[in-house]
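The primary structure of each chain is shown beneath.
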Amino acid sequence: MTKIIEIRGLTKTFGDVLGVDDISLDIEEGEFVTLLGPSGCGKSTLLRMIGGFEEPTRGHIALDGEDVTHVPPSKRAVNMVFQDYALFPHLSVGKNVGYGLRVSGVRRSEVISRAREALSLVGLEDRYDASPHMLSGGQRQRVALARAIVRRPRVLLLDEPLSALDANLREQMQIELKNLHTKVGLTFVLVTHDQTEALTMSDRVVVMREGKIVQIGTPQDLYENPQTGYVAGFVGSTNMFRSRVEVGASGPQISCFGQNLQAPAAASALGGRDTLFGFRPEKATLLRGDAQAQNTLRGHLSDVLYHGQSARLVMDLVSGQVVVDMPITDVIGTVGLPQVGSAIAISIEPHKIMILRDEAAS
Amino acid sequence: MTTQFAKSSRTGRSNWLGGIERLSWMLGILAILGFLYLPIAVLVAYSFNDSRSLTWPMSGLTLDWYQKLSQNDQLIQAFYNSVYVAVSATSLTLIIGIPAAIALDRFDFPGKGLFRKLILLPIALPGIITGISMLILFRSLGFNLSLQAVIVGHATALLSVVVTLVYARLQRLPASLAEASADLGASGLQTFFLITLPNIRTAVIGAGMLAFTLSFDEIPVTFFLTGRDNTLPMYIWSTLRRGLTPEINAIGTLIVAMSIVLIFASVLLLRDKTKSKNV
Ligand SMILES: Nc1ncnc2c1ncn2[C@@H]1O[C@H](COP(=O)(O)OP(=O)(O)OP(=O)(O)O)[C@@H](O)[C@H]1O
Ligand SMILES: [Mg+2]
């Protein structure tokens, strides 16, 4: 594996606004990396600096080992798919795709054949002569992709490429994008604020907040081991609670909204300290009938949200609420969905409880 | 029986009222069109009148005035001067105005707001002020009064028109188009000629036609800056002091004909093949 992008201490300020705050990041060749974060956290600014559209205030960007910090976009072996696609309205689909070759003086016949090739890669070879305004949103998206890969860039940048599509099409395009990534073997850097999109497509996800990186990891890593409450809440949903860790003879003990729980062994090191804990809604199990289990929470069912293949149970505890996801077969079992208002119990194994760090910002 | 009769008479009455209403609308529209076009129609008609006096009905038809026109060297020279001035001034404003509009649209620089207001301000200045101030400037710089001075004067006065129109169009053009072009390896010039210009084409043509027309019949600025050369409006104006001649009607008719050709040409040029929306 070779590093294709090296970012060091990259900072961008707009007046008093800190768009990107001292970010360092390495991206490997062929990787699919996603920048994930809420609106205004600096994802686009970071991407635009990689593309050369924004001049960094401080810091460096190297592409393939070469410093490109002050190289204009036209001279970087990086191409971008814009959020609004930015197709040239006065040119046909084929001419849009061939544009990057035409301006760099490639022979006409080769421009046409390579544009056709790129279009067929996205399944639009028969729309070569169409005008962009005649295409659907998903087709425009594909043309923008074909146009960006026709020059065989080293890195493809995508700024929320799917946000303008409706939900069904978005899911389909996620798969197509992932396939395209495998097919062309380019490095993809994608920006999104949609965590499902990030988890589905990426090799690695970079979670950002207020111009800084808060965690980098594989989708599984981020989901299973979020390091902070912010990541736990942003990537998937998490029941979070704060508790002092009491280390006793039977290991570390914590309290979840007034009920005692066995904490994971690693919590011993935090003895006596006030700490943030969390568990994923699907990691807990609902106890039916008079089944007994370790580490239980008892409460009343305050709501049931039916999701088709699963159901989310909202459980009232003494001083708070937790939610638990159950596969629908489990919830119904032989006795049907539990009644709202009835007493229920869930159990959570200690090692499924996550120890979360507080971040400075919250 | 009686009720039925009453009813039908009422509908008859409302039909009648509706007719009146439609008629008055029609008359109104005719009056507006007449107001706009009657003077031109009169001009055209009298240009074919075989008598010098402007009396109605005309005594007969003739092409004499057109023939006289073709022998009036002064007038023909004035016409050429006007075309020369208008074409040059229009080209000059477009060459300066389009890059200025792009700079205003794309770049942030200190004092941008002020710069924009300063560029747009001359629109509100009366031509006579522009004329006098240009005269003073040219005199103090030692330039001769000439058609070239008129061209510079017109170009200055028209710059705000061109910048305003082109800038307004650029504002509606997504910045991402130029960015995408640069991203795909195009140089600044390539981006301008292959992407920006085709997308602001209609505004550029519109601005150019407007500038041409304004320059072609401009008098105040021309009056101060032209030396011995005459432009067509100046010539017409000066001959008018000796009375309205049918020759003037003839040249007026020719200008109307030329305008019609120009209007058709612009409609053809502006017809948008792609019906381009921003995609
Ligand atoms: N051209 C600009 N001028 C001034 N401030 C800007 C500019 N571009 C971005 N910012 C600011 O920088 C911060 C980061 O913006 P950025 O566009 O990178 O966010 P983002 O994460 O892409 O958000 P979104 O999901 O809404 O696109 C924001 O506070 C934004 O207001
Ligand atoms: Mg953004």
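See the structure above.
Residues numbered from 1 in each chain as written. Chains lettered and ligands numbered in written order. Predicted model: local features only at pLDDT ≥ 70, side-chain atom pairs only at ≥ 80, totals over all residues. Heavy atoms only, no water.

Draft legend 1. Summary view of the packing of aromatic side chains. Applying the stated criterion across every chain, the model contains 15 aromatic pairs over all chains. Summarising the aromatic geometry, the rings of Phe241(A) and Phe277(A) are spaced 6.1 Å apart at their centres and angled 25° between planes, so their arrangement reads as stacked. On the criterion of sequence distance, the pair formed by Phe241(A) in strand S11 (residues 239-244) and Phe277(A) in strand S15 (residues 274-279) is long-range, its members being 36 residues apart. For Phe241(A), a relative accessible area of 3% corresponds to the buried category. Ring centres of Phe109(B) and Phe115(B) lie 5.9 Å apart, and the angle between their planes is 65°; this geometry places the pair in the edge-to-face category. Through a chain of ring-to-ring contacts, three or more aromatic side chains come together here, namely Phe241(A), Phe257(A), Phe277(A) and Phe279(A). (Phe/Tyr/Trp six-rings, centres within 6.5 Å; stacked < 30°, edge-to-face > 60°. Helix = DSSP H or I, 4+ residues; strand = E, 2+ residues; numbered from the N terminus. Buried < 20%, exposed > 50% of the residue type's maximum accessible area, 1.4 Å probe, protein only.)

Draft legend 2. Spotlight on helix H3 (residues 73-106) of chain B. End to end, H3(B) covers 49 Å across 34 residues, agreeing with the expected 50 Å (1.5 Å per residue, within 8%). With a side-chain oxygen positioned 3.2 Å from the backbone nitrogen of Gln74(B), the residue opening H3(B) is Asn72(B). (Expected span 1.5 Å × (residues − 1). Polar contact = N/O pair within 3.5 Å; in protein donor to acceptor, adjacent residues only side chain to side chain.)

Draft legend 3. Structural view of the layout of surface pockets. Residues and elements named next belong to chain B. Looking at the largest pocket, its volume works out to about 820 Å³. Around the largest pocket sit 29 residues that line it, and Asp217, Gly252, Ile255, Val256 and Ser259 are the ones nearest its centre. Within the residue set of the lining of the largest pocket, elements represented by two or more residues are helix H1 (2-46), helix H8 (188-216), helix H10 (232-240) and helix H11 (246-270). No other element matches the 10 residues that H11 contributes to the lining of the largest pocket. Of the residues contributing to the lining of the largest pocket, the split by class is 24 nonpolar, 4 polar and 1 charged. Computed from the structure, the second largest pocket encloses a volume of approximately 680 Å³. Lining the second largest pocket are 24 residues; nearest its centre among them are Arg106, Phe107, Ala178, Glu179 and Ala182. (1 Å grid on protein atoms, 1.4 Å probe; cavity = no way out; pocket = protein on both sides within 12 Å on 5 of 7 lines; lining within 4 Å. Points joined across faces, edges and corners; volume = space filled by probe spheres on them. Nonpolar A, V, L, I, M, F, W, Y, C, P; charged D, E, K, R; others polar.)

Draft legend 4. Highlighting the interface of chain A and chain B. Between chain A and chain B, the residue contacts involve 24 residues of the former and 21 residues of the latter. Carbon and sulfur atoms make up 62% of the surface buried where chain A meets chain B, a total of about 2100 Å² over both sides. Linking chain A with chain B are 1 salt bridge. Of the charged contacts in the structure, one is a salt bridge between Glu179(B) and Arg48(A), with a shortest N-O distance of 2.8 Å. Our count for the chain A to chain B interface comes out at 10 residue pairs in polar contact (both at pLDDT 80 or more). The set of elements that each furnish at least two residues to the side of chain A that touches chain B consists of strand S6 (78-81), helix H2 (93-102) and helix H4 (137-149) of chain A. Taken together, the residues that form the side of chain A that touches chain B break down as 13 nonpolar, 5 polar and 6 charged. (Contact = heavy atoms within 4.5 Å. Buried area = accessible area lost by both parts, 1.4 Å probe. Salt bridge = Lys/Arg side-chain N within 4 Å of Asp/Glu carboxyl O.)

Draft legend 5. Examining the packing of H3(B) against helix H6 (residues 147-171) of chain B more closely. Residue and element names in this part refer to chain B. Axis separation between H3 and H6 bottoms out at 6 Å; the angle between their running directions is 40°. Viewed along their axes, H3 and H6 adopt a mutual orientation that is oblique. Crossing hand, H3 versus H6: right-handed. Its residues placed into classes, the contact of H3 with H6 shows 22 nonpolar, 7 polar and 2 charged. (Axes fitted to C-alpha atoms, helices over the stretch in contact; angles between N-to-C directions. Parallel < 35°, antiparallel > 145°, perpendicular 65-115°, else oblique. Left-handed = near helix turned anticlockwise from the far one by under 90°.)

Draft legend 6. Structural view of the sheet that holds strand S14 (residues 259-262) of chain A. All names here are of chain A. Pairing in this open sheet of 3 strands is antiparallel, and the strands run S12-S13-S14 from one edge to the other. Where the open sheet ends on each side, the last strands, each with one partner, are strand S12 (246-248) and S14. Pairwise comparison of adjacent strand axes, ignoring direction, gives a mean angle of 35° for this sheet. (Pairing = 2+ DSSP bridges.)

Draft legend 7. Highlighting the sheet that holds strand S7 (residues 155-159) of chain A. Residues and elements named next belong to chain A. Strand order in the open sheet formed by 6 strands is S6-S7-S8-S3-S9-S10, and the pairing between neighbours is mixed. The open sheet has two edge strands, S6 and strand S10 (212-217), and neither has a second partner. In this sheet, neighbouring strand axes are inclined to one another by 20° on average, regardless of whether the strands run parallel or antiparallel. Across 4 bridges, the pairing between S6 and S7 is parallel. Each residue of the ladder has a partner; that of Val81, found in S7, is Leu158. Running at roughly 160° to strand S8 (residues 187-192), helix H5 (residues 167-184) makes contact with strand S3 (32-36), S7 and S8 of the sheet.

Draft legend 8. View of the environment of Met240(A). All names here are of chain A. The residue Met240 is located in strand S11 in this model. The exposure class of Met240 is partly exposed, given its relative accessible area of 29%. Sequence separation between Met240 and Cys256 is 16 residues; the distance between their C-alpha atoms is 8.9 Å. Apart from residues no more than four positions distant in its own chain, Met240 is found in contact with Gly229, Ala232, Gly233, Phe257, Leu276, Phe277, Gly278 and Leu356.

Draft legend 9. Highlighting the site of ligand 1. Residue and element names in this part refer to chain A. In the vicinity of ligand 1, the contacting residues are Phe14, Val17, Gly19, Pro38, Ser39, Gly40, Cys41, Gly42, Lys43, Ser44, Thr45 and Glu160. Measuring from an oxygen atom of ligand 1, one finds a side-chain N or O atom of Lys43 at 2.8 Å. For ligand 1, an oxygen atom lies 3.3 Å from a polar atom in the side chain of Glu160. When ligand 1 sits alone it has 630 Å² of accessible area, and the protein chains cover 59% of it. (Near = heavy atom within 4 Å. Areas by Shrake-Rupley, 256 points an atom, 1.4 Å probe, with all protein chains shown as cover.)

Draft legend 10. Layout of the environment of Ser347(A). Residues and elements named next belong to chain A. One can find Ser347 in strand S20 (residues 343-347). Spatially, the C-alpha atoms of Ser347 and Leu287 are 7.0 Å apart, while their sequence positions differ by 60 residues. With sequence-adjacent residues up to four places away left out, Ser347 is seen in contact with Ala284, Thr285, Leu287, Ala293, Gln294, Asn295 and Thr296.

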